[in-house]
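Observations on the three-dimensional arrangement
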Amino acid sequence: MNDTAASQKSHAFQADVSRLLHLMVHSVYSDRDVFLRELISNASDACEKLRFEAIADPGLATDAGEPAISITIDKDAATLTVQDNGIGMNDADLADALGTIANSGTRAYLEKLKQQEAAQKGGAAAGDAEEEIEAETGAPAGSAASLIGQFGIGFYSAFMVAGTVDVISRKAGEDKTWKWSSQGEGTYTLAEVDTGEAPAIGTRVILHMRDDAKDFLETWKLESIIRQYSGSITIPVELFDKPDAEARQVTDGAALWTRSKNDITSDQYTEFYREISRQFDEPDLTIHWRAEGRHEYTVVAFISGSRPMDLFDPARKGRARLYVRRVLITDDADLLPGWLRFVRVVVDSADMPLNVSREMIQKTPVFTAIQKAVANRIVQELKKVAKDDPEKFAKIWDNFGAVLKEGIYEDFERRDDLFEIARFETTASGEGRRSLADYVKDLRPNQTAIYYIAGDNAKRLTASPQIEGFKKRGIEVLILSDPVDSFWVSNALGYDGKPFKSATQGAVDLKDIPLTDPEEKPDADTSKTPEIAAFIELARQTLGDDVEEVRTTDRLADSPACIVAPDSGMDRRLERLLAEHGRTQERSKPVLEINPDHQLIKGLAAKAVAPEHKALLEDAVWLLYDEAKLADGEHPADMASFANRLFALMSRAVA
């Protein structure tokens with residue numbers, strides 16, 4: 001049929017798309033070169049999807065020929081055309097993929113797979129199959145993270161350089177050709193057009209270039225962009241200087257991982273990393289190996305040089321691409337445990353089947369074996385870097401140490417390996433970080449545990465009164481300021497035979513560990529004098545049920561008092577985290593510990609035997625307790641009473 005205005009329909013963009021278009025042009029991408037990378041990536045995905053579909057239905061690719069992407073310059077018409085011979089789109093695909101966000105052709109594709117699987121299971125309803133597979137995969141069918149064969153939001157970057165964008169597409173296995181067109185200003189049109197206007201199969205994207213983007217019609221510039229951003233895609237890219245020119249091949253589509261490591265330059269690895277990660281930094285670590293034996297597969301893995309913005313997003317999916325004999329199966333394979341989610345990895349297997357759905361292929365024994373082997377290899381490579389290049393590893397740990405420590409909590413099998421590479425700020429580390437091996441090597445005489453203090457601010461933890469006595473004796477204390485620290489350290493048995501022990505929980509006895517200053521003599525034990533005993537008893541009566549206990553301690557050196565968790569129960573930091581998330585209903589009562597050698601405590605104790613000082617002492621006890629809570633990062637339970645007592649004490653001082 002002819003392309004007629006009568007058959008052309010105008011549609012409004014989804015509201016989010018209109019906002020995105022404005023952001024895309026004015027804010028999101030300051031480097032406009034990225035538009036070509038996005039369009040080439042979309043074209044590559046479309047070719048990969050057709051290649052996968054053709055396994056089950058070879059007729060789909062009969063007219064397509066070898067997968068290819070072409071880019072054509074037309075300076076006279078001021079257009080740039082990106083064309084592929086991939087899966088193509090029909091009118092519904094175009095409306096869904098280019099008119100809305102978080103909706104793509106993948107949903108329809110997954111639903112079709114679900115229907116097929118339902119039929120194979122005996123004709124179960126498609127809806128039942130959908131619920132079953134979504135439950136198995138853990139992700140909704142329409143997840144925007146899975147955009148294979150269709151356009152993601154990166155498509156809209158085309159409007160940075162084009163005043164009008166036309167998309168002409170013919171879907172594999174269908175006869176009709178459709179044209180989507182928009183100026184990126186709130187609406188788009190969709191119409192059926194003559195099949196002669198479209199490729200035999202696939203999609204043609206025509207960019208009508210803006211006046212300020214005509215430099216993107218220069219051959220040298222396009223070649224440079226293609227090589228820089230898309231040099232490692234698995235589909236060859238051809239460039240035409242003008243519509244009737246001879247093609248020049250810019251990339252050959254040879255998969256980087258199929259080549260020998262000796263034949264790949266660091267720049268080529270970096271290009272490939274940027275292609276699969278969609279980041280523009282350089283990787284801190286590149287790992288490339290080929291496994292042979294029981295299972296044959298090739299792996300290329302990268303550890304990013306910077307921390308992704310969504311690293312701690314609970315909904316964040318992995319960045320693992322799975323190929324089977326160079327056919328892309330999925331670009332979000334569940335290949336790595338969650339605590340390695342910062343690793344970008346490509347795996348190409350020669351052993352896995354291609355005649356099952358991409359969800360089911362991830363449940364095969366071969367996939368499970370590869371999962372385990374890849375994670376083990378990455379951990380071993382990290383151990384090697386930690387040993388051979390401490391400076392490089394320090395940067396990796398700065399970016400991803402908090403995530404790796406999730407593995408200490410979650411992965412018992414690899415816990416010992418992760419303990420080897422874990423690095424910690426400690427009271428002895430200065431500006432750097434220390435390993436547990438370093439800690440154990442420097443244990444003080446008679447020290448039998450690895451001490452730690454957990455909280456949410458490393459600087460405050462280092463200055464905590466609870467570790468003053470440890471510092472005085474040269475006992476190193478781990479400073480654990482990441483939220484996950486409170487969890488892994490609570491269920492870890494220990495390291496090298498030494499248990500982990502909180503410096504803020506339970507009673508401690510440090511007297512058997514010598515002071516670091518040989519000239520300094522230990523203070524005489526004043527904890528059992530009648531005055532101290534009387535003051536402690538008064539403090540117990542004053543605080544009553546607000547505390548578990550009041551006692552003396554050698555945990556303190558310069559401060560008069562502190563609070564700690566009781567001997568039984570959990571560390572106070574862990575208890576606070578659980579309470580914040582509604583995981584515990586009632587907080588345990590703290591223990592108030594006092595320093596019997598502190599001049600303030602000695603002065604108060606001297607008055608404890610005289611009944612006329614009872615009111616003053618009660619105020620002082622409450623102030624000691626509230627100040628100890630403040631030093632521990634908490635607030636006094638009664639702020640008004642705290643302020644009144646403080647003002648009263650100040651008034652006595654100046655009276």
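I will try to describe carefully the structure that is included in this document.

Definitions and limits used
Residues numbered from 1 in each chain as written. Predicted model: local features only at pLDDT ≥ 70, side-chain atom pairs only at ≥ 80, totals over all residues. Heavy atoms only, no water. Phe/Tyr/Trp six-rings, centres within 6.5 Å; stacked < 30°, edge-to-face > 60°. Helix = DSSP H or I, 4+ residues; strand = E, 2+ residues; numbered from the N terminus. Buried < 20%, exposed > 50% of the residue type's maximum accessible area, 1.4 Å probe, protein only. Contact = heavy atoms within 4.5 Å. Polar contact = N/O pair within 3.5 Å; in protein donor to acceptor, adjacent residues only side chain to side chain. Salt bridge = Lys/Arg side-chain N within 4 Å of Asp/Glu carboxyl O. Axes fitted to C-alpha atoms, helices over the stretch in contact; angles between N-to-C directions. Parallel < 35°, antiparallel > 145°, perpendicular 65-115°, else oblique. Nonpolar A, V, L, I, M, F, W, Y, C, P; charged D, E, K, R; others polar.

Points about the packing of aromatic side chains
Using the criterion set out here, one finds 18 aromatic pairs in the structure. Ring centres of F342 and F400 lie 4.3 Å apart, and the angle between their planes is 5 degrees; this geometry places the pair in the stacked category. Taken as a pair, F342 in the loop between β13 (327-330) and β14 (343-349) and F400 in helix α10 (residues 390-410) lie far apart in primary sequence, 58 residues in all. Under the relative-accessibility criterion, F400 is labelled buried at 0%.

Observations concerning the environment of A61
If you trace the backbone, A61 turns up in the loop between α2 (34-56) and β2 (69-74). The partly exposed category is assigned to A61, whose relative accessible area is 25%. Taking C-alpha positions, A61 is 7.4 Å from A172, a pair spaced 111 residues apart along the chain. Among residues more than four places away in sequence, those in contact with A61 are L50 and A54.

Examining the side chain of S182
Tracing the chain through its elements places S182 in strand β5 (residues 177-182). Take S182: its relative accessible area is 3%, and that puts it in the buried class. Side-chain polar atoms of S182 contact the backbone nitrogen of G184, separated by 2.8 Å. Within the structure, S182 has its side chain in polar contact with the backbone oxygen of T187 (distance 2.8 Å).

A closer look at the pattern of salt bridges
For the coordinates displayed, the defined rule picks out 36 salt bridges. A salt bridge links D567 to R551; the nearest nitrogen and oxygen atoms lie 3.3 Å apart. With a gap of 16 residues between them, D567 in the loop between β20 (561-564) and α17 (572-580) and R551 in strand β19 (residues 549-552) connect regions that are remote in the sequence. Among the residues examined, D567 registers a relative accessible area of 52% and is labelled exposed. Between D632 and R576 there is a salt bridge, and its shortest N-O distance comes to 3.5 Å. Taken together, the positions of D632 in the loop between α19 (614-631) and α20 (639-654) and R576 in helix α17 put the pair 56 residues apart, joining distant regions of the chain.

Overview of the environment of R290
Turning to its location among the elements, R290 is positioned in strand β10 (residues 285-291). Sequence separation between R290 and D348 is 58 residues; the distance between their C-alpha atoms is 9.5 Å. Within the structure, the side chain of R290 is placed 3.3 Å from the side chain of E292, a separation counted as a polar contact. Polar contacts involving the side chain of R290 include one to the side chain of E296, which spans 2.5 Å.

Focus on the packing of helix α6 (residues 219-230) against helix α7 (residues 266-277)
Across the interface, α6 lies against α7 with an axial gap of 7 Å and an inter-helix angle of 80 degrees. With respect to their mutual orientation, α6 and α7 come out roughly perpendicular. Contacts from R227, Q228, Y229 and S230 of α6 reach α7 at E271, R274 and E275. Its residues assigned to classes, the contact of α6 with α7 shows one nonpolar, two polar and four charged.

A look at the environment of D554
Relative to the helices and strands, D554 is located in the loop between β19 and β20. For D554, a relative accessible area of 10% gives the class buried. Along the sequence, D554 and A507 sit 47 residues apart, while their C-alpha atoms lie 9.3 Å from each other. Here D554 is in contact with G469, R473, V508, D509, L510 and K511, once residues within four sequence places are set aside.

Some words on α17
Of all nine residues that make up α17, seven are buried, and the element is covered over most of its length. R572, R573, L574, E575, R576, L577 and L578 are the residues of α17 that are buried. Backbone nitrogen of R573 and a side-chain oxygen of the N-cap are separated by 3.0 Å at the start of α17; the cap is D571. One or two positions beyond α17, positive phi appears at G582, with a value near 70 degrees.

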